[in-house]
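What follows is each chain in one-letter form.
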Amino acid sequence: MKIKSFINFQKLSFIAVLSICAVVTACGSDNNSDKLAKAVKLESQRAQGTLIESVTILGDSTRLKAGETHQLSASGVDSNNETRDITNELTWESSDTSIATVNNAGLVTAVANSDINQGIVIIAGTTINGISGEGEISVSDVAVTTISLKQITPSSGSINTCIDAYISGDVGYVDGYTSLNTIKGMNFSLDSDSTAIVTSKGALYTSAAQLETSTITARIGDIYGQLTVAADPINLETLDILFDDEVTKIITLNVGERIQVNGQANLDPTFSTKQYSIDNSISWSQGDHELIGITNSGDNKGTILGLAPGVTTLIGSCGGKEAKATIEIKGESTIDSLKINDGSDIITIAPSESIELILTANYNSAPNSMNVSEFAQWNLNGSDLFDAELTALGTDKASFKLTSSANNKGSAIISVIYDNIISSVRINVE
Amino acid sequence: MKNKFLLAFFILISSFQCFADTYYVGLDYTMTGIELSGEKAEPDATAIRLGASNNNMALEVQYLTSNKTENIYSMTFDLDQSVGLYFVLQSDIDDGYGINVSLGYAMNKMAVSGPSDTYNGEDNYDGFSWRIAIHREIPYLEQAQIRLAYQSLYKDSNIEITGISLGITYQF
């Protein structure tokens, strides 16, 4: 027993000594592994002919306010005369880090507003073979004086209806600086007659069947600029429906199955032989029978959910053209019951709170249950207690979200109809 | 760093000697891998191991030197030498097979030469090192084992030095 204890004591002592030694030696050496890695990369590029010979900084000539960030990028032309994105290959440097800093991915952070020289700092990016490119960033918080909008793609002329177009602007400031090709801080709107959509990022989605002229207004505070854009469907030749990235005319799915379809436009081949994604512009509908649920807006636009068995037609429309695909839905859809959330008759929430109502259809056979919230008809029955919206469209988590106003208290019956079956729930705001 | 390594080595040897009951020596052929910027040089090397063990633990010293240089493009890599000190955890022998896991510290000296606009110099790459090995007793020669190991000699964000070894171990 004593001998065993002695051996254990020796083992523990040894492990303790080992731990001390680990602490003594647990630090790395000073070496030049970074320089060596850089040299190997340089040799690799030299051997493959991919050494960069010229650098262009993109996204520069922009004004920021202290605290804002801005992503720069860079493209380079290599020894093979090929262009590639070299944003992450460059060593980035700011000429004045007290005004703006830049990290090794080209992300500029405005540190402090400056009145000197319009707050301009030079941001340089250098390749491992020493080729540099420069761009300027300005950091100041002086007021905007002018906004001059312009088309980016295409840069001039009419845009092709259904094809995504982009708007940008040059913004002038009190100190004389002009921020180029920016949408920072702009709020976009369209004239009331336009059927187009403009996003906060300056993307313009058009779908009118005839030539349509839209006036886009961009505002920063009280300053605004306008641009009139003509969208012409004349070059639009045909539309296609894509399923799994393949042009399709027939799609088969089961009741309860969710798929994603995409729209594609083909222009007059004398104009362009390229295929264009038109997911943002295309409108989806179905034939006479309401057999599928179609998500027509949001991030999941083009999502199709099989609701009932049968055959219907999926129609994609844009610019006066249509693409059609036959959809066959297999399975059974005899509804046993509808349930809102957990089936409670009464739900109580506090003022300013939200509640997401999910309508579940329960079936006699597979699928045993399905979230049909998105494709049901919800009714507030005249109540003004809530703001209502459908959320998580195109997903199994879709819901009818009610948000109660801050000061109102009371009660409302929310009813919903799906497949001619009515269900309801009382919402108390207390 | 070398002084600290020697200090640690002597402390460990002196503390281990008091209960070591088996000593062994090993000789390995090692294919090293020097990997950086997505490129790899694989110079051959020879390693000698000396160790003392007791009750499924061992203390081992490894000396490794490359047999030849290897190029990445026009740059020549030579792993001059690697000296490592390891604490070895040994499994029981089952049907002639056993597994070892080693944790330790390795000091690696590597020389690089190439065109003047690349990199030329000899640097030390010292730091944590680990190994995992499987060994098998050699029939009719119970004190000898054949051994296959993978070892990480050094690793940082730019470079990794590894080795795959095949060799023999003889226990006294």
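This write-up is about the structure you can find in this document. (Residues numbered from 1 in each chain as written. Chains lettered and ligands numbered in written order. Predicted model: local features only at pLDDT ≥ 70, side-chain atom pairs only at ≥ 80, totals over all residues.)

In this section: the sheet that holds strand 8 (residues 107-110) of chain A. Residue and element names in this part refer to chain A. Pairing is antiparallel in the open sheet, where three strands are placed in the order 3-8-7. The strands lining the two open edges of the sheet, one partner per strand, are strand 3 (69-71) and strand 7 (100-102). Each neighbouring strand pair of the sheet contributes to a mean axis angle of 20°, computed without reference to strand direction. The pairing of strand 7 with strand 8 spans three bridges and is classified as antiparallel. From the neighbouring strand, Thr101 faces strand 8, where its bridge partner is Thr109. (Pairing = 2+ DSSP bridges. Helix = DSSP H or I, 4+ residues; strand = E, 2+ residues; numbered from the N terminus. Axes fitted to C-alpha atoms, helices over the stretch in contact; angles between N-to-C directions.)

Quick look at the sheet that holds strand 6 (residues 91-94) of chain A now. All names here are of chain A. Here we have four strands laid out as an open sheet, ordered 2-10-9-6, and mixed in their pairing. For this open sheet the edge positions go to strand 2 (62-64) and strand 6, each flanked by a neighbour on one side alone. This sheet shows a mean twist of 30° between the axes of neighbouring strands, independent of strand direction. Where strand 9 (residues 120-126) and strand 10 (residues 132-139) come together, seven bridges link them in antiparallel fashion. In the strand pairing of strand 10, Thr126 is matched with Ser132.

On to the environment of Cys318 of chain A, then. Residue and element names in this part refer to chain A. Its location among the elements puts Cys318 in strand 28 (residues 310-318). For Cys318, a count of 25 C-beta atoms within 10 Å corresponds to the buried category. Considered as a pair, Cys318 and Ala209 are 109 residues apart in the sequence and their alpha carbons are 7.1 Å apart. (Buried ≥ 20, exposed ≤ 12 C-beta atoms within 10 Å, placed from the backbone.)

Within the largest apolar cluster, 62 residues are counted, with the highest numbers of intra-cluster contacts made by Leu204, Ile216, Ile241, Ala265, Ile292 and Leu314 of chain A. The biggest single contributor to this core is strand 20 (residues 236-243) of chain A, with five residues. (Core = buried A, V, L, I, M, F, W, Y, C linked by C-beta atoms within 7 Å.)

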